[in-house]
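Letter by letter, the chains look like this.
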Amino acid sequence: MKPLVHVQRVASNAYTYRISAAGAQASGDSVTFDTLERCLFDAGASLDQYFASVELKLDGLFIGQYATLALRRHPSVVAQRIRQHFQPLRGAVQRAD
């Protein structure tokens, strides 16, 4: 069984998460964190002693599998990778004038 961490952006600088597992209902949302890094750290810290890795979703988009140790020890690195690879491209849609 591998837990799935659902990270949700609730405002421009506000994130929350909930945890679910196959065949089980998701737990309630966490408190709100002011950065993605703090949200990832808390999720990793809450699962680190029980699970070696988790699957991660951000705003409903599957991001991949991450070691809970990486979420706890290097949340800024994980957050940066997420921003680089999964942030929508700015200006990708151009208007036809």
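Structural data are supplied above this passage.
Thoughts on the sheet that holds strand 2 (residues 14-20)
Each strand in a sheet pairs with its neighbour through backbone hydrogen bonds, running either in the same direction (parallel) or in the opposite one (antiparallel). The sheet built from four strands is open, its strands ordered 2-1-3-4 with mixed pairing. For this open sheet the edge positions go to strand 2 and strand 4 (61-67), each flanked by a neighbour on one side alone. Sheet twist, expressed as the mean angle between neighbouring strand axes with direction ignored, is 25°. Strand direction decides the pairing type here: strand 3 (residues 53-58) and strand 4, joined by six bridges, are antiparallel. Following the sheet pairing, L56 is matched in strand 4 by G64. Of the strands in this sheet, strand 1 (4-11), strand 2 and strand 3 are in contact with helix 1 (residues 36-47), which crosses strand 2 at around 25°. Its contacts with the sheet put helix 3 (residues 75-86) on strand 3 and strand 4, and the angle it makes with strand 4 is roughly 150°.

What about helix 3?
If you check helix 3, its first and last C-alpha atoms are 16 Å apart, about what twelve residues at 1.5 Å a residue would give, namely 16 Å. Those residues of helix 3 not exposed but buried are P75, V78, A79 and I82. Viewed end-on, helix 3 has its buried residues packed into an arc of 100°, placing them on one side of the element. Set apart from the buried face of helix 3 by more than 90 degrees, the exposed residues are Q84 and H85.

Comments concerning the environment of A11
Here A11 shows up in strand 1. For A11, a relative accessible area of 39% corresponds to the partly exposed category. In this structure, the C-alpha to C-alpha distance between A11 and D34, residues 23 residues apart in sequence, is 9.2 Å.

What about the pattern of salt bridges?
The tally for this structure, following the rule as stated, stands at three salt bridges. Between D59 and R9 there is a salt bridge, and its shortest N-O distance comes to 3.3 Å. Residue D59 is located in the loop between strand 3 and strand 4, and its partner R9 is located in strand 1; the two are separated by 50 residues in the primary sequence. Between R83 and E37 there is a salt bridge whose closest N-O contact spans 2.8 Å. Placement of R83 in helix 3 and of E37 in helix 1 is noted, with a sequence separation of 46 residues between them.

About the criteria used
Residues numbered from 1 in each chain as written. Predicted model: local features only at pLDDT ≥ 70, side-chain atom pairs only at ≥ 80, totals over all residues. Heavy atoms only, no water. Pairing = 2+ DSSP bridges. Helix = DSSP H or I, 4+ residues; strand = E, 2+ residues; numbered from the N terminus. Axes fitted to C-alpha atoms, helices over the stretch in contact; angles between N-to-C directions. Contact = heavy atoms within 4.5 Å. Expected span 1.5 Å × (residues − 1). Buried < 20%, exposed > 50% of the residue type's maximum accessible area, 1.4 Å probe, protein only. Arc of directions from axis to C-beta. Salt bridge = Lys/Arg side-chain N within 4 Å of Asp/Glu carboxyl O.

So yeah, pure geometry; function would need other evidence.
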